[in-house]
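Here are the chains, one letter per residue:
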Amino acid sequence: MISSAEIVIIGGGISGCSTAYNLAKKGVKNIAVIEKSYITSGSTGRCGAGVRMQWGTEMNCKLAKKSIEFYENANDVLEYDGDVEFKQEGYLLIASTDKEMDQFHENVKIQNKLGIPSKILTLDEAKEIVPYLNTDILTGASYCGKDGFLNPFLTTDAFYRAAKRLGVEFYTYTQVLDIKVENGRVKSVITNKGEISTNIVVNAAGGYSKVISDMVNSELPVYSERHQILVTEPVEAMQAPMVMSFSLNLYCQQTPHGSFMMGRGDNREPRDLRITSSWEFLEQMAKTITEVLPPIGKLRLIRQWAGLYNMTPDKQPIYGKVNEVEGFYLAVGFSGHGFMFGPLTGVIISEMILEEEPTIDASMLNINRFKEGNLILEPSVV
Amino acid sequence: MNDENTIVCRCSDVTLKEVRDLIKQGYTTYDEIKRITRIGMGPCQGKTCGQLVLREISAATGKSIKELKLHMNRPPVVGVKLDLIAEEAKKND
Ligand SMILES: Cc1cc2nc3c(=O)[nH]c(=O)nc-3n(C[C@H](O)[C@H](O)[C@H](O)COP(=O)(O)OP(=O)(O)OC[C@H]3O[C@@H](n4cnc5c(N)ncnc54)[C@H](O)[C@@H]3O)c2cc1C
């Protein structure tokens, strides 16, 4: 293991790999990424990998739009041998109350203003896109055909390989145990395989972000929450878009491989780091899917798994410096949508570290917004 | 034996050559190879291919198969239909 680095990034998920790639591309030498298990072993490898521009806050809309533009050309830009499998088959958001439809109207207005090609659909129009949708329990829908999903393993692998070619050192199966601070500055990172001295550390530890911030005694207002997914046997192509509902609490998509992948949230989940699978999720999911998309209920379950959402009070990420320690940067708190922001996370954090003109001004996503009460709540999350 | 035509994983159509190439590129754990190729994610959940991949890793790295870790077996082991689970769940409501 190297004994010193310009920048140490903690976490080998989409955020860490994208940040490493962007910094290396800008010419930073001597970057180390530390990952306690394998690349994508955290939330990134457990996620639905859906990417949508249909958000309710301007900031989330902008981040998602830029990221999707990146994903459209990711294979070329990252010079990837494989294919990140970006499929733009759309997101169909369904509403089950009038109040929710009002929210959709407001969201679509914001989205259209920012150039996002979303629109409101009647139930008949929604049925044209997904014929077996149970519209009896719905009040309307919104749709954006440019939304879609990717293969999260291969997408991260593309960033990882590109970063590696640019000279980034990756240390997998290596755990960060502590971070030394001296005179208010980051000094070194201590791992189970050795110590690396450095002036700059990026916390991209996903569900473990608070554990890392605690190492430098920097308060982080986040918590982690288990979210579960299940996947069915593969069948012929029958559903193009991701179907998602906030009020009915579900998302469900058919993967290119033919299996259906679906998940839902549960606000009674304990706030800790467990990622075991529960029987209760399976029952709730089965009931919801059978009601909303009846034919999918006929499919056989193959497996289920869980991962962590790293939640902030306003469900938007935290980017940038902290007050307590010089040289410590946050790329955390993605609240269940950090995969889709991945490309921009790397751009934003690298620009912040190198003090460059920002591509998107994300300064309002700094950590002080919570103390100052500048929360802008994102209304549209599962 | 031509490793381009040898299928290691029948669920996800992965060839021996793909596995060997990845190992050469430094993907030397079952978990890493699984994520890139989908090996072990199909209906058999790695019951067939798991040992074959471990044997390849062992041959390339010199580690014994015992030292190498196979992935988690995720529930359930056999496919159950979702609507049957839903019906059962409703009975308990
Ligand atoms: C069920 C589920 C569905 C989701 N669906 C979507 C979706 O459809 N779209 C979307 O955009 N997002 C989705 N998300 C959210 C998304 O997965 C995350 O926001 C995103 O992957 C975060 O990436 P990350 O790189 O920041 O964190 P992670 O991928 O969690 O990476 C952090 C890494 O840090 C490592 N680490 C932690 N502690 C240490 C340490 N001490 N030393 C060394 N390494 C350490 C971990 O091992 C981990 O690999 C979903 C999440 C879940 C759980």
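Residues numbered from 1 in each chain as written. Chains lettered and ligands numbered in written order. Predicted model: local features only at pLDDT ≥ 70, side-chain atom pairs only at ≥ 80, totals over all residues. Heavy atoms only, no water.

Chemist: An account of the sheet that holds strand E10 (residues 185-191) of chain A is requested, with residue identities and associated values reported.
Modeler: Residues and elements named next belong to chain A. A sheet is described by the order of its strands in space; here three strands give the open sequence E9-E10-E11, paired in antiparallel fashion. Only two strands of the sheet have a single partner each, and these edge strands are strand E9 (176-182) and strand E11 (194-197). Averaged over all adjacent pairs, the angle separating strand axes in this sheet is 25°, with direction ignored. For E10 and E11, the ladder comprises four bridges, and the chain directions are antiparallel. Within E11, the position partnered with valine 189 by the bridge is isoleucine 196. (Pairing = 2+ DSSP bridges. Helix = DSSP H or I, 4+ residues; strand = E, 2+ residues; numbered from the N terminus. Axes fitted to C-alpha atoms, helices over the stretch in contact; angles between N-to-C directions.)

Chemist: Can you lay out the site of the ligand for me, pointing to particular residues and giving the numbers?
Modeler: All names here are of chain A. Taken together, the neighbourhood of the ligand is formed by 37 residues, with Ser15, Glu35, Thr44, Gly338 and Met340 sitting nearest. One nitrogen or oxygen atom from the side chain of serine 15 is found 2.7 Å from an oxygen atom belonging to the ligand. A distance of 2.9 Å separates a nitrogen atom of the ligand from a polar backbone atom of valine 176. Protein burial of the ligand: of its 1000 Å² of free accessible surface, 96% is covered by the chains. Considering only residue class, the shell around the ligand consists of 16 nonpolar, 18 polar and three charged. (Near = heavy atom within 4 Å. Polar contact = N/O pair within 3.5 Å; in protein donor to acceptor, adjacent residues only side chain to side chain. Areas by Shrake-Rupley, 256 points an atom, 1.4 Å probe, with all protein chains shown as cover. Nonpolar A, V, L, I, M, F, W, Y, C, P; charged D, E, K, R; others polar.)

Chemist: Got a sec to walk through the pattern of salt bridges? Specific residues and values, please.
Modeler: Residue and element names in this part refer to chain A. The tally for this structure, following the rule as stated, stands at 19 salt bridges over all chains. Between arginine 268 and aspartate 266 there is a salt bridge whose closest N-O contact spans 3.1 Å. Note that aspartate 272 and arginine 274 form a salt bridge whose closest N and O atoms lie 2.8 Å from each other. Residue classification places aspartate 272 among the partly exposed residues on the basis of a relative accessible area of 25%. Members of the salt-bridge network, linked through shared partners, are Glu58, Lys62 and Lys113. (Salt bridge = Lys/Arg side-chain N within 4 Å of Asp/Glu carboxyl O. Buried < 20%, exposed > 50% of the residue type's maximum accessible area, 1.4 Å probe, protein only.)

Chemist: Residue-level account of a nonpolar patch on the surface, with values.
Modeler: All names here are of chain A. Taken together, the side chains of Tyr208, Val211 and Leu273 make up a nonpolar region of the molecular surface, amounting to roughly 220 Å² of accessible area. Locating tyrosine 208 in the fold gives a position in the loop between strand E12 (200-203) and helix H7 (209-215). Judged by its relative accessible area of 32%, tyrosine 208 falls in the partly exposed class. (Patch = residues over 30% accessible without salt bridge, like charges linked within 9 Å, V, L, I, M, F, W, Y side chains within 5 Å.)

Chemist: A description of the interface of chain B and chain A should follow, citing residues and the corresponding values.
Modeler: In many reports, interface size means the accessible area that the parts give up when they come together. Contacts between chain B and chain A engage 28 residues on the former and 31 residues on the latter. Across the chain B/chain A interface, buried area totals approximately 2800 Å², and carbon plus sulfur atoms make up 58% of it. Counting across the interface, chain B meets chain A through one salt bridge. Where A:Lys298 meets B:Asp83, a salt bridge forms, and the shortest distance between an N and an O atom there is 2.7 Å. In this assembly, chain B and chain A are joined by twelve residue pairs in polar contact (both at pLDDT 80 or more). (Contact = heavy atoms within 4.5 Å. Buried area = accessible area lost by both parts, 1.4 Å probe.)

Chemist: Can you explain the domain arrangement of chain A? Please cite residues and give values.
Modeler: Residue and element names in this part refer to chain A. The domain architecture assigned to chain A consists of domain 1 (7-47 + 153-221 + 314-372) and domain 2 (88-146 + 223-309). Each of domain 1 and domain 2 has a C-alpha centre, and these two points are 30 Å apart. Between domain 1 and domain 2, the residue contacts involve eight residues of the former and nine residues of the latter. Contact between domain 1 and domain 2 buries roughly 770 Å² in total, counting both sides, with carbon and sulfur atoms accounting for 58%. Connecting domain 1 to domain 2 are zero salt bridges. Inspection of the domain 1/domain 2 interface yields four residue pairs in polar contact (both at pLDDT 80 or more). Classifying every residue of the side of domain 1 that touches domain 2 by side-chain character gives three nonpolar, four polar and one charged. (Domains from an automatic or database assignment.)

Chemist: Break down the sheet that holds E12(A) for me, with residues and values.
Modeler: Two modes of strand pairing occur in sheets, parallel and antiparallel, and in both the strands are linked by backbone hydrogen bonds. Residue and element names in this part refer to chain A. Strand order in the open sheet formed by six strands is E8-E2-E1-E12-E19-E18, and the pairing between neighbours is mixed. The sheet is open, and its two borders are formed by strand E8 (169-171) and strand E18 (318-321), each paired with just one other strand. Pairwise comparison of adjacent strand axes, ignoring direction, gives a mean angle of 15° for this sheet. Bridging between strand E2 (residues 31-34) and E8 involves three bridges; their strand directions are parallel. Bridge assignment links isoleucine 34 to a residue of E8, and that residue is tyrosine 171. Running over the sheet, helix H1 (residues 14-25) touches strand E1 (7-10), E2 and E8 and is turned about 160° from E1.

Chemist: Give me the lowdown on the environment of B:Lys91, citing residues and values where you can.
Modeler: All names here are of chain B. Looking at the secondary structure, you find lysine 91 in helix H4 (residues 82-91). Its relative accessible area of 62% is what places lysine 91 among the exposed residues. Taking the C-alpha atoms as reference points, lysine 91 and glycine 26, separated by 65 residues in sequence, lie 51 Å from one another.

Chemist: Which residues make up helix H3 (residues 49-61) of chain B, and what values go with them?
Modeler: All names here are of chain B. The first and last C-alpha atoms of H3 sit 18 Å apart over 13 residues, in line with the 18 Å expected at 1.5 Å per residue. Every buried residue belonging to H3 is among Cys49, Gly50, Val53, Leu54, Glu56, Ile57 and Ser58, and all of these are buried. Looking at the buried side of H3, the elements it contacts are strand E1 (7-9), helix H1 (16-24) and helix H2 (30-37). The first or second residue beyond H3 is glycine 62, which carries a positive phi of 80°. (Expected span 1.5 Å × (residues − 1).)

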